Amino acid sequence: LVNSRTTVLDLRTLSVRDPIPGVTMPRFGTLPDRYLVLAKQLLVMSYPERALMNRFEISFDHPWQSAILAHNTVLIVLERLPGAGSEASMTAVNLSEGRLVYRRPLGGDIRHFAPSVTLGVIALAEAGGNQVIMTTPATLMPVATFPTAGKPVDLVFAEDGSTLVIGIELPDGGGEILIWKIKADKKDGLKKKKEWTVPLATTPLRLAVSPDGRHVAAGLTSGELQIVELKGRIPVATVDLRAAPRDIVWCDPSTEGPLLPDWSDDDAPTLGLGRR
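Residues numbered from 1 in each chain as written. Predicted model: local features only at pLDDT ≥ 70, side-chain atom pairs only at ≥ 80, totals over all residues. Heavy atoms only, no water.

Visitor: I would appreciate a short explanation of the sheet that holds strand E14 (residues 121-126) in the present structure.
Guide: Hydrogen bonds between backbone atoms are what pair the strands of a sheet, whose relative direction is either parallel or antiparallel. Overall, antiparallel pairing links the four strands, which are arranged E13-E14-E15-E16 in an open sheet. Both outer strands of the open sheet, strand E13 (110-116) and strand E16 (142-147), are each paired with one neighbouring strand and no more. Going across the sheet, the axis of each strand differs from the next one's by a mean of 20°, ignoring polarity. Bridge count for strand E15 (residues 131-135) against E16 is five bridges, and the pairing is antiparallel. Each bridged residue has a counterpart across the sheet, and for Met134 the counterpart in E16 is Ala144. (Pairing = 2+ DSSP bridges. Helix = DSSP H or I, 4+ residues; strand = E, 2+ residues; numbered from the N terminus. Axes fitted to C-alpha atoms, helices over the stretch in contact; angles between N-to-C directions.)

Visitor: Even after reading the chapter, I still don't get the packing of aromatic side chains, so can you show me in this structure?
Guide: Each aromatic ring pair is specified by the distance between its two centres and by the angle formed by the two planes. The full count for this structure, using the stated rule, is four aromatic pairs. Measuring from centroid to centroid gives 5.6 Å for Phe28 and Tyr47, while their planes differ by 90°, and the two rings are edge-to-face. Of this pair, Phe28 sits in strand E5 (residues 26-28) while Tyr47 sits in the loop between strand E7 (42-46) and strand E8 (52-56), placing them 19 residues apart in sequence. Here Phe28 falls in the partly exposed class, since its relative accessible area comes to 40%. Relative to Trp180, the ring of Phe146 has its centre 5.6 Å away and its plane inclined at 70°; by these criteria the two rings are edge-to-face. Of this pair, Phe146 sits in strand E16 while Trp180 sits in strand E19 (residues 175-185), and the two are 34 residues apart along the sequence. The pair Phe146 / Trp180 is uniform in exposure class, with both members buried. In this structure an aromatic cluster arises from ring pairing among Phe28, Tyr35 and Tyr47. The cationic tip of Arg80 hangs over the ring face of Trp64; the distance from NZ or CZ to the ring centre is 5.3 Å. Lying over the aromatic face of Phe60, Arg103 brings its terminal NZ or CZ to 5.5 Å of the ring centre. (Phe/Tyr/Trp six-rings, centres within 6.5 Å; stacked < 30°, edge-to-face > 60°. Buried < 20%, exposed > 50% of the residue type's maximum accessible area, 1.4 Å probe, protein only. Lys NZ or Arg CZ within 6 Å of the ring centre and 35° of its normal.)

Visitor: It is not clear to me how the sheet that holds strand E18 (residues 163-169) should be interpreted in this structure. Could you clarify?
Guide: Ordered in space as E17-E18-E19-E20, the four strands form an open sheet in which the pairing is antiparallel. Of all strands in the sheet, those with a lone pairing partner are strand E17 (151-158) and strand E20 (189-200), marking the two edges. Neighbouring strand axes in the sheet, compared pairwise and without regard to direction, differ in orientation by 25° on average. As defined by bridge partners, E19 adjoins E20 across 11 bridges and the pair is classed as antiparallel. Opposite Ala184, over in E20, you have Leu190 as the bridge partner.

Right, here's the structure in full:
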């Protein structure tokens, strides 16, 4: 995603496909035949034809992170600038109706968010106050706050959605991963039942959970990628990159891609004048 252009790579042939000009944040949900474009308007585009399917008058100035939830019916977008301490806002869109549900400013230095269907919350990594804030998706009202020893820079829910993994930037410049087992109690609300710490080589930048929820990849400022097994709570692999990663996505190879279009002019012409 470079200079308002998205390059499509064919991983089967290791070749470059046609670029998508003017788009830097295409976002696929669970439907492989369409994606969203977050710009001055919210566009629904077909893939691979790239035809405009729908347009909503909802604009995004500084999209930073997005999530398509609830069977492609809900869009959550965190807007902020790249610098530390940047003012952030959260936007929720009902995709079924194409309506803006809310756009609310967020206090503090919110770096990233993570939704959990199991717990029914959106977790916010608030680096300015060294804390993780649990909020309700419908209103963004805080329901629990958990302090951290350093700055939380990213976070993801893993396993069954009740395990929260947080990438921490420590005061001495180092890094670690926090693993929290969280339980929703009817009387006491959200409680942190168990906690583990996994040291990292350097400060983490981004996290990505594996499709089966059993591993987490941490992209580091040193230009390394560390894989952590959550059950054993140990790093199991390290990959050297050419530079610090800007983003990480852990893809599921079992997910089916879009079907090629079946053009109607391949069939013999017919006339539909009646039932016979």
